[in-house]
Amino acid sequence: MHVDLQTVCRVFEDVLNGSVSREQADRWAYAVVQEEEAGIVTYSPPHERERIWAGVMYLYGVDTMKAPGEYLHSDNDISAAMNAKLGEVADREAAMPLRTLASGRRNA
Amino acid sequence: MTVGFVPDIDVVPSLDNRVGAGATTERPASAAVVVQIKQVSLPAGQRLSHERLHEIDRVFFGPFFREKYGRGGDKALENDRIRYYGLIQPTNDGGELAGRRYVHEFDTMTGCTRGWHETVDRAGNVRQIRPERNDGATRHYQFDSNGRYRGSW
């Protein structure tokens with residue numbers, strides 16, 4: 001199984017925009033955890049393994065309820081968690097084309 | 001591979017105090033690293049105490065689980081199991097609940113593991129657990145602030 005940062009980001013976003021249910025996100029994360037226990041998960045990029053895992057472990061259990069039909073986490077909670085766990089990476093990736101461009105100009 | 005602790009993410013230290021009594025601040029280490037343990041010979045008939053054995057278990061198995069599941073601490077139980085506590089994932093609804101965490105339990109005698117999600121209140125009491133069942137069914141078990149079972153749904 002291959003898990004990359006973009007996939008984890010997308011699951012967060014899909015939960016927030018309602019295209020994926022929290023239950024589906026939880027089961028996806030559970031599958032990743034199971035595969036990790038079996039030692040057959042690869043992370044991309046490898047140096048972001050910790051951040052990817054933090055995102056997966058947040059999504060695992062994201063459908064926890066505090067009362068029947070009432071989720072423990074609000075959308076604001078999930079959004080804040082996404083920013084805390086993946087935000088820096090997302091910002092870095094968004095800034096990367098600029099750095100590449102700047103680097104290209106220096107090399108030119 | 002070493003993984004640094006990120007202090008400003010998911011940390012609600014006061015809630016982890018209860019389980020953190022036996023927690024360690026030791027950094028996770030690669031499972032591939034073999035640490036040579038100094039041999040200690042005990043007088044005939046003398047055995048290591050349970051506490052000492054549990055401490056050895058925690059050190060030995062720590063690298064396998066602490067990095068993944070034990071960021072909030074770990075605790076050796078009397079029944080030869082070790083519990084690894086994840087960090088609290090906070091909820092900000094203004095109510096009495098503080099958030100949830102995943103707990104992973106490893107049986108050092110059988111090698112079996114099990115896990116569940118705990119919901120904790122702001123006083124650090126476990127108010128709800130949601131076991132990960134093999135059949136995939138989801139059920140929440142609730143407790144009051146004194147730890148008394150209230151029911152499930």
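If you're wondering where the values come from, they're calculated on a predicted model, not measured in any experiment.

### Concerning the overall build of chain A
Scanning chain A for helices and strands turns up four helices and four strands. Starting at the N terminus and walking to the C terminus, you meet the elements of chain A as β-α-α-β-α-β-β-α. Going through the 108 residues of chain A one by one, you find that 30% of them count as buried. Long-range contacts, defined as pairs at least 24 residues apart, comprise 75% of the intrachain contacts of chain A with a sequence gap of at least 6.

### Observations regarding the nonpolar core
Counting residues in each nonpolar core, the largest one holds 33 residues, and the members touching the most others are Ala29(A), Val56(A) and Leu59(A). Elements supplying a minimum of two residues to this core: helix H1 (5-17), helix H2 (22-38), helix H3 (49-59) and helix H4 (75-107) of chain A together with helix H2 (50-69), strand S2 (81-85) and strand S4 (97-107) of chain B. It is H3(A) that contributes the most residues to this core, seven residues altogether.

### Structural notes on the interface of chain A and chain B
Taken together, the 18 residues of chain A in the interface contact 17 residues of chain B. Listing elements by their share of the side of chain A that touches chain B, those giving two or more residues are H3, strand S3 (65-67) and H4 of chain A. Tallying contributions element by element places H4(A) first for the side of chain A that touches chain B, with five residues. When grouped by side-chain class, the residues that make up the side of chain A that touches chain B number nine nonpolar, five polar and four charged.

### Description of the confidence of the model for chain B
Detailed conclusions should not be drawn from predicted coordinates in areas where pLDDT is low. Mean pLDDT over chain B stands at 76; residues scoring 70 or higher make up 71%. For this predicted complex, the interface score ipTM comes out at 0.79, while the overall pTM is 0.73.

### What to know about unusual backbone geometry
For residues that are not glycine, phi is negative in most cases, and the peptide bond is trans in most cases. Omega for the peptide link from Ser44(A) to Pro45(A) comes to -5 degrees, which places this bond in the cis form. For Pro45(A), the position within the fold is in the loop between strand S2 (42-44) and H3. The backbone phi angle of Asp80(B) is positive, close to 65 degrees, even though this residue is not glycine. The residue Asp80(B) is located in the loop between strand S1 (73-76) and S2 in this model. A residue is classified by how many C-beta atoms lie within 10 Å of it, and Asp80(B), with 15 of them, is partly exposed.

The rules behind the values
Residues numbered from 1 in each chain as written. Chains lettered and ligands numbered in written order. Predicted model: local features only at pLDDT ≥ 70, side-chain atom pairs only at ≥ 80, totals over all residues. Helix = DSSP H or I, 4+ residues; strand = E, 2+ residues; numbered from the N terminus. Buried ≥ 20, exposed ≤ 12 C-beta atoms within 10 Å, placed from the backbone. Contact = placed C-beta atoms within 7 Å. Core = buried A, V, L, I, M, F, W, Y, C linked by C-beta atoms within 7 Å. Nonpolar A, V, L, I, M, F, W, Y, C, P; charged D, E, K, R; others polar. pLDDT = per-residue confidence, 0-100.

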